[in-house]
Amino acid sequence: MHIALLGGFDLVVGDVPVTVPVGSKRLLAFIALNGRAAVPRSLVAGTLWPEACEQSAYANLRSALSRLRGIGRKALDVCPTEVRLARKVTVDLYHARSLAQRILDPGVPVEDLDINAATVDQLSDDLLPGWYDEWALREAEQWQQLRLHALEALAGAFIDTKQFAGAVAAAHAAVQANPLRESSQASLIRAHLAEGNPSEALDEFERYTHRLRDELGLRPTPRLCHLVDGLQRPGSLW
């Protein structure tokens with residue numbers, strides 16, 4: 001049994017998706033985001049239904065549990081006072097988070113990372129996109145920061161091992177996640193330069209310069225400009 005949180009919610013048994021009611025999806029996602037820890041029923045009810053009174057929040061929790069029938073109910077271990085994820089359930093976020101932390105660990109040599117194109121894919125999806133619960137947004141932001149740092153580090157690792165296609169892919173994924181983040185843009189420019197494609201590096205720099213000016217009224221920092229020193233076209237904005 002597998003719960004997917006990255007790129008959207010899914011409960012999968014074998015290779016078959018299981019239909020889950022909306023309220024029960026929120027319950028499963030919240031419990032999964034708490035790892036393997038037991039979560040008090042009071043915390044679950046208060047977090048998932050913050051605007052309801054205590055009695056109504058508990059009733060909503062009981063309803064969400066009752067609608068989670070059959071296979072879906074087996075994803076949880078439910079006790080009178082707490083709820084936890086069943087031991088047999090895997091969660092994609094756990095593996096992706098572990099991968100990101102390993103990439104960022106300075107004690108792990110690049111050659112021990114076993115990085116490839118699939119590594120980028122595992123770090124490319126948002127956490128529960130389209131979910132606007134406060135608890136989901138908070139977790140999504142934490143994952144966003146972790147994966148952005150990991151993708152930037154991954155791009156550097158690919159450059160070090162002369163896997164330039166991977167470096168560009170990793171940096172592109174970081175830029176797509178946050179187009180105004182300068183460190184991600186710098187990773188992409190470095191990847192193009194390392195591959196020997198200065199025109200593509202300059203194209204990326206110019207796109208970023210225009211976007212930064214139009215959306216924030218800002219200019220690139222001198223550090224980013226330094227990456228393309230000597231490549232500017234006549235009439236450039238920087």
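Predicted, not measured: the structure shown is a model, and the values here were computed from it.

(A) Highlighting the sheet that holds strand S2 (residues 10-13). Read from one edge of the open sheet, 4 strands run S3-S2-S1-S7, paired in mixed fashion. Whereas interior strands pair on both sides, the edge strands pair on one side only; in this sheet they are strand S3 (16-17) and strand S7 (90-91). The pairing of strand S1 (residues 2-4) with S2 spans 3 bridges and is antiparallel. By the bridge assignment for S2, alanine 4 is matched with aspartate 10.

(B) Spotlight on the pairing of strand S6 (residues 82-85). Side chains Val83 and Leu85 project from S6 onto a buried face, and the interleaved Glu82 and Arg84 project onto a face without burial. In this sheet, S6 lies alongside strand S4 (residues 39-40) in antiparallel orientation, the contact comprising 2 bridges. Of the residues in S6, the one forming a bridge with proline 40 is glutamate 82. Direction of pairing for strand S5 (residues 76-78) relative to S6: antiparallel, over a ladder of 3 bridges. Paired with leucine 76 across the two strands is leucine 85, which belongs to S6. Connecting the antiparallel pair S5 and S6 is a turn made up of 3 residues.

(C) Quick peek at the pairing of S2. Counting the residues that bridge the hairpin from S1 to S2 gives 5 residues, and of these glycine 7 lies at a positive phi of roughly 80 degrees. In this sheet, S3 lies alongside S2 in antiparallel orientation, the contact comprising 2 bridges. Its bridge partner being in S3, valine 13 is matched across the sheet by valine 16. Once S2 ends, the chain turns through 2 residues before running back antiparallel as S3, passing glycine 14 with a positive phi of about 65 degrees.

What counts, and at which threshold
- Residues numbered from 1 in each chain as written.
- Predicted model: local features only at pLDDT ≥ 70, side-chain atom pairs only at ≥ 80, totals over all residues.
- Heavy atoms only, no water.
- Pairing = 2+ DSSP bridges.
- Helix = DSSP H or I, 4+ residues; strand = E, 2+ residues; numbered from the N terminus.
- Buried < 20%, exposed > 50% of the residue type's maximum accessible area, 1.4 Å probe, protein only.

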